Every structure is written in structure tokens, then in C-alpha cells.
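Residue-level structural notes
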There are 2 protein chains.
Amino acid sequence: MNAQNDDFENWDEIRTAYQVARLGTLSAAAAQLGVHHATVIRHIDALEARLGCKLFQRHARGYTPTEAGQDLLKVGAATEDQFAQLSGRLRGKGAEVSGELIVTMLSGLSPWLTPVLGVFQAQHPDLRLTVMLDERLLRLEYGEAHLAIRAGPKPTEPDNIVRLLGTFPVSLFAHRDYVARYGTLKSLEGLAAHRFVSGLKTAQRSPLDRWLGQNVPEDSIAFRASEPRSQSDAVIAGVGIGFLMSHIAAVHPDLVMMTDPLPEWQTPIWLVTHMAIHRTAKMQAISGFLSDNASVN
Amino acid sequence: MNAQNDDFENWDEIRTAYQVARLGTLSAAAAQLGVHHATVIRHIDALEARLGCKLFQRHARGYTPTEAGQDLLKVGAATEDQFAQLSGRLRGKGAEVSGELIVTMLSGLSPWLTPVLGVFQAQHPDLRLTVMLDERLLRLEYGEAHLAIRAGPKPTEPDNIVRLLGTFPVSLFAHRDYVARYGTLKSLEGLAAHRFVSGLKTAQRSPLDRWLGQNVPEDSIAFRASEPRSQSDAVIAGVGIGFLMSHIAAVHPDLVMMTDPLPEWQTPIWLVTHMAIHRTAKMQAISGFLSDNASVN
DNA sequence: CAGGTTCTGTGCATGAATGCACAGAATGAT
DNA sequence: ATCATTCTGTGCATTCATGCACAGAACCTG
């Protein structure tokens, strides 16, 4: 088997010989293959030498296949057909909105995006949708996730395709009970008199966490949580003032916006896919759907 | 069709991906293919990018094929099988002493070699043997002939495989009737008193013709013929003295050797084949047969 | 017959593919 | 926990495949 394999250690030479056998001249085969005719003749020379077998009778105006060349013509045609069918199947799969789809996002985006994804899945019943809430950067190239929805600076990992979902206003919110007890926020100079909810001090991954760290005394951070969802839960429970996207806060009638949103708080949201699957209909469909349906009214 | 073809414009990448899918690691595939693992990963990267489709899940300890990768595994296995069978058929044909065999030689060698070739053909009834007597240099690479039997200096055409059949003594012969009428050849100093048979004056391709041209007065060349066979016919008919190989002349009891053979008259005979077919059993068989059976006893 | 066109075949320069060397990740053994 | 082994992934240097430019052969047209 291995000894036989050595005869055909270059499948591209077979492809070239097949085209010459099919078309009859070096020039035509070269045009079909998109290479120079010198390349074609060299492939034929190499293949014939390796096989120790003449594949063609050579004439000034083209090549005619020998019996061996005709045999190779048949095998080459079958191979090309098989590859074309494989290509069609792969494209067919890629043209479907079906199969598994793993979406990863920060927990803070879940209350907003999970219902949207649910509607998408209802529209495509063949889709097996998985939503993973994870701070950790799931590896798109490892297939741990197919779509990552990220906030903050534009992701720059190589081999990733990044698309902006939108830039969303963020502001400081508190529960009305908190406001009744501690009062409103008169201005940004009065931050120290209030209690705040933030992320872990050691991390401060989010630009908003860093903003709080720079503008609020440490003694005024009343509550720290590793997950954004826990942070928003604390705000909703009246523990303190914290950042939320305006449209997420709008879902809660008991939340009060403490100050107008600053432009620097605006947060871009990115849809990230791996280039190897970006072109599939599935990925195009989910990206388009999120762009159309995750906007804030 | 052409659009589909573009997906698989590099059949060697498919071969590489097939080996990875089959063996599970880049290293194993690289070893099997005889390339570096860097080459393997680059072929996979290129193919996945071109297809826009993940073929593998990538892990630190190897690759597992996706559904698409498994599809490619099946197609690759079928392709490899088809190519292996093609290889077997070509080798099988090459292992047979059958089909067409065209042998070309000078006419002067025909009385000696044609019977030998006839015996060879009788031993291989599936062989379609053609003997072409031609001064013109038939193109081995064009398939006009498969085996050329040539005399004189060693042929040097590229892509030809040349094998010495033997070096044969040549001498000057005349018919006994000629000797009865004109006497014997006392020495090489008495050449002018005799009549000779030679090739065309304008050609003098053969070293023997040139020897005559240099050592015999032109008036003593009684008979010129373009074909060596015609020349030997004239000698046999008693027209004059002419060169023949000793073993060919020995077939004619009426021919008399006029002088001992000179070493410079010795003539090497070469078997010439084209490298593309040289290794086939057919060519090996005919070359071996001629070496064994065309010797002079 | 002469000239134009199409095609093959080859030496040399260029560009692309490949191998080398290294580093990092993951796993297993001690 | 540390070290060794296996494997993947990448930048750079080297090698090899390819394209360019040219010439020759064969055929067709005027």
C-alpha cells in the first residue's frame, strides 16, 4: 500500500495530467488550470518519469493519451466529480441555518440578548442553540464557541472576524429605595457620599470598573462581585449605585438613572466569529438577526 | 462546475487533510507524507480558509475531524483507493510482455536480427511486433518506435537509455565468382585493382563508408547504394567487394572473406529505449532476449 | 512559397512553498 | 510540584516550483 502510494505522492500532477488528457493540448490545460504551460509539461514529465510509463503521445500540435493516459483520464474525471460533490455537500451544510450554535457573552448582557436569541432559535427549529455566560475568553478557533459577543475595545485576535453590533449608552443607576435612603446624585463631585457596586478590585477588566476605581474612593465601593450579572443584581436590589446599559435598566421600572450618560461610558458591543466559519449562512443569519433585533428603541 | 472546481484547486491539500483526518495528529500525518509538520498545518489552514469551513477541532494533542472533516476523510480514502488501483493497473500493464512493440533498425541488420525478433514474438504471442527498417532517426519520445537498434558511435540523445548489444567484427567480403574473376586481395595496398560496393558518396554516414572513401580511389567504387541492405545484396551478387559483419556473411557459403578484420572496422551495436518506458517488463524482456540470442557463435 | 498562428520545449530569474529552530501548551510520570 | 515528552503553532531562511522570455516545429492562409 505504501509502495503504491509513492507512485502518486503528488495528487496535483494527476490533476494536471487529467486536464491534458481531457483537453488535448498543454496550452488548453494550462489555461484551464490557471498556470503556465511550462508548469503543465513539467508535471507531465515528472509523472511519466515517476510512473515509468508513457501517458501521452506527443505531437507538435498537442498530446494524445496512450492507453495508460486514457485510464488516468477516467480516474481523474471520477476524482474531480467526487471532489465536486464533496464541495457541494460542504457548501450545502454551510448554506443551512441548522446544527449546533454556541454563543458566548458576558453575564451582564444575558437579560438583554438571551430573549433575542430565543426568538432566533424559534425561527430556525433545526438549530441547537447554546448560550454560555463566561468571563473567560472561549477559543473560537477551538470550536468552544462559534459566536462571541463582547463589550469594550474592539477585539484584535487574528483569524477573527469582528463586527460592531452597536454602541450603547451606559449610565449610573440605583433602585428607588436606595434613592429614598441616600438621596440623588447631585453631581459627579458628590460621588464620595454614595455607595457603589463594582467588579473585583484585583481585576478591573472593564473600562467602567476602571472609571469607578479612578473616580470613587475605595471606601465608597460598598459591593464587589466578579460577575457583571451579580453586580446588576445588587444594583436592582438597592445595594448601591452601579453602571448598567440604559436599555437594560429600562426594563426595571424601580431603577432610577442617577446622572445623564457620559460619552466616555458608551460601550461598543462586538460580534466575533472565526474566519473559518464566518461565511456560512448560519453565522450570517445570526449576525444579521442580532443587528436587526438587538437594537434599542 | 468551474466555480466548484475552484474550491479544490489544490488536490494535495485534500491529500494532506485526509491524512490528518485519518491519523489524528499533524505529526503523524507529516511523517506519513514525508513532509514537515509546519507544511501540514499550513495546508489545513489554507484549505479551511478556502472552504470557509472547519474541517477539524484543534487540540494541543491533535485534531479531531468535524462532520465536514469526516466527509473529507471518506472522499480522501476513496480517492486514494482509486489512485492505488490505477497505479496497480499501470504497473500490471508494465509488467506484461504484451501490446505493441515497434523496433527500428538499419536495413543491413535485418537479415540477422529479424529472425531473432521472430523467435521472441513466438515466445510472447500477445505481442504485436513491428519491425521498421529506416535510416531516418525515428522519434522514440514520439512513440514512433519503442526500441531503436543502432550501429556506430554511442547515441547521446537525452531521455534515452542506451545499452550495448555487442561489438561485432566487420570485414571485406566478395562472392567467390568475383574472386574467380578478379582474384584475391593480396594486401591493403592492392585495393585500387579491385571493385567496391559502398554507400552514397554525398552521405557517407557510416564510418565504414568513410573508410572506403579514404582508402579506395573513387574510380574503384563500382557500385553505390543508399541502403546497407542493397549494398550487401550487391556484394552477395558478385558486383564487388564490400563490408559485412562477419556473422552475417557467414550465412552465405559463397562469400569469401578478402582480408582479416581490422580492429577499426569493429562495429558496436546499441539498443536504445526511451526512459519513460525503459523499466517496463516488455522492454526489459526484449533487451535481455536480444543480448542472449543475438550473439555470434 | 512566405508569413502568420498555434503549440511545444527549455534556460534563467522570481516567487511561493517548505523546512528549520524555537517557544508554548498539555499530559503523564516521578 | 517538577520534569520529560509529545504535540501544536510561528517567524525566518532556504529550497524548489513556477513564470518569463525565447526559439523551434508544424500547420494554415493568402
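Residues numbered from 1 in each chain as written. Chains lettered and ligands numbered in written order. Predicted model: local features only at pLDDT ≥ 70, side-chain atom pairs only at ≥ 80, totals over all residues. Heavy atoms only, no water.

Regarding helix H4 (residues 37–51) of chain B
Residue and element names in this part refer to chain B. For H4, built from 15 residues, the straight-helix expectation of 21 Å at 1.5 Å per residue is met to within 8% by its first-to-last C-alpha distance of 21 Å. Of all the positions in H4, only Ala 38, Val 40, Ile 44, Leu 47, Glu 48 and Leu 51 are classed as buried. Gly 52 sits one or two residues past H4 and shows a positive phi near 65°. (Helix = DSSP H or I, 4+ residues; strand = E, 2+ residues; numbered from the N terminus. Expected span 1.5 Å × (residues − 1). Buried < 20%, exposed > 50% of the residue type's maximum accessible area, 1.4 Å probe, protein only.)

Concerning the interface of chain B and chain A
At the junction of the two partners, chain B supplies 47 residues and chain A supplies 48 residues. Carbon and sulfur atoms supply 56% of the area buried between chain B and chain A, which totals about 4,800 Å² over both sides. The three residues of chain B that bury the most area against chain A are Trp 11, Arg 15 and Phe 83 of chain B, which together make up 16% of that side's buried surface. At the junction of chain B with chain A, the criterion picks out 2 salt bridges. With a closest N to O distance of 2.7 Å, Asp 71 of chain A and Arg 89 of chain B form a salt bridge. Run the count over chain B and chain A and you get 6 residue pairs in polar contact (both at pLDDT 80 or more). Among the elements that line the side of chain B that touches chain A, the one with the most residues is helix H5 (residues 67–95) of chain B, at 18 residues. Grouping the constituent residues of the side of chain B that touches chain A by class yields 19 nonpolar, 13 polar and 15 charged. (Contact = heavy atoms within 4.5 Å. Buried area = accessible area lost by both parts, 1.4 Å probe. Salt bridge = Lys/Arg side-chain N within 4 Å of Asp/Glu carboxyl O. Polar contact = N/O pair within 3.5 Å; in protein donor to acceptor, adjacent residues only side chain to side chain. Nonpolar A, V, L, I, M, F, W, Y, C, P; charged D, E, K, R; others polar.)

A short note on the sheet that holds strand E6 (residues 160–168) of chain B
Residue and element names in this part refer to chain B. Read from one edge to the other, the open sheet built from 5 strands follows the order E4-E3-E5-E12-E6, with strand pairing classed as mixed. Edge positions in the open sheet fall to strand E4 (127–133) and E6, since each of these has one partner strand only. In this sheet, adjacent strand axes meet at a mean angle of 20° when their direction is disregarded. As paired strands, strand E3 (residues 99–105) and E4 are joined by 7 bridges and run parallel to one another. Bridged to Thr 104 within E4 is Met 132. Packed onto the sheet, helix H6 (residues 110–123) meets E3, E4, strand E5 (147–151), E6 and strand E12 (267–274) and runs at close to 175° relative to E4. (Pairing = 2+ DSSP bridges. Axes fitted to C-alpha atoms, helices over the stretch in contact; angles between N-to-C directions.)

Regarding the packing of aromatic side chains
Per the stated rule, a full pass over the model turns up 16 aromatic pairs over all chains. With a centroid separation of 4.9 Å and 70° between ring planes, the pair formed by Trp 112 of chain A and Phe 168 of chain A is classed as edge-to-face. Of this pair, Trp 112 of chain A sits in helix H6 (residues 110–123) while Phe 168 of chain A sits in strand E6 (residues 160–168), and the two are 56 residues apart along the sequence. Residue classification places Trp 112 of chain A among the buried positions, given a relative accessible area of 10%. Since its relative accessible area comes to 4%, Phe 168 of chain A is described here as buried. Measuring from centroid to centroid gives 5.0 Å for Phe 120 of chain B and Phe 289 of chain B, while their planes differ by 50°, and the two rings are tilted. In this pair, Phe 120 of chain B sits in helix H6 while Phe 289 of chain B sits in helix H11 (residues 281–293), placing the two residues 169 residues apart along the sequence. A relative accessible area of 1% places Phe 120 of chain B in the buried class. Connected via pairs of aromatic rings, a cluster forms that spans Trp 211, Phe 243 and Trp 265 of chain A. (Phe/Tyr/Trp six-rings, centres within 6.5 Å; stacked < 30°, edge-to-face > 60°.)

What to know about the domain arrangement of chain A
Residue and element names in this part refer to chain A. In terms of domain boundaries, chain A breaks down into domain 1 (2–93), domain 2 (99–165 + 269–293) and domain 3 (170–265). Its C-alpha centre places domain 2 at a distance of 27 Å from the equivalent point of domain 3. Contacts between the two partners involve 8 residues from domain 2 and, on the opposite side, 8 residues from domain 3. The tally of links between domain 2 and domain 3 comes to 0 salt bridges. The interface formed by domain 2 and domain 3 includes 0 residue pairs in polar contact (both at pLDDT 80 or more). The leading source of residues in the side of domain 2 that touches domain 3 is H6, at 3 residues. (Domains from an automatic or database assignment.)

Considering the protein's contact with DNA strand C
By nearness alone, 21 residues border DNA strand C, and Leu 26, Ser 27, Arg 42 and Tyr 63 of chain A together with Thr 39 of chain B come closest of all. Here the atoms of DNA strand C within 4 Å of the protein split so that 58% fall in sugar or phosphate, with bases taking the remainder. Note that a base oxygen of DNA strand C is positioned 2.8 Å from one of the side-chain N or O atoms of Arg 42 of chain A. Thr 39 of chain B places a polar side-chain atom, nitrogen or oxygen, 2.3 Å from a phosphate oxygen of DNA strand C. (Near = heavy atom within 4 Å.)

Regarding the side chain of Thr 79 of chain A
Position of Thr 79 of chain A relative to the elements: it lies in helix H5 (residues 67–94). Given a relative accessible area of 0%, Thr 79 of chain A falls into the buried group. Ignoring anything within four residues of it in the chain, the contact list for Thr 79 of chain A reads Trp 11, Thr 79, Gln 82 and Phe 83 of chain B.

A few points about the packing of helix H2 (residues 11–23) of chain A against helix H3 (residues 26–33) of chain A
Residues and elements named next belong to chain A. Closest axis-to-axis distance for the H2/H3 pair is 8 Å, and the angle between their directions is 125°. The orientation of H2 relative to H3 falls into the category oblique. Here H2 and H3 pass one another in a crossing that is right-handed. Each of Arg 15, Thr 16, Gln 19, Val 20, Arg 22 and Leu 23 in H2 lies in contact with H3, whose residues at this interface are Leu 26, Ala 28, Ala 29, Gln 32 and Leu 33. Classifying every residue of the contact of H2 with H3 gives 6 nonpolar, 3 polar and 2 charged. (Parallel < 35°, antiparallel > 145°, perpendicular 65-115°, else oblique. Left-handed = near helix turned anticlockwise from the far one by under 90°.)

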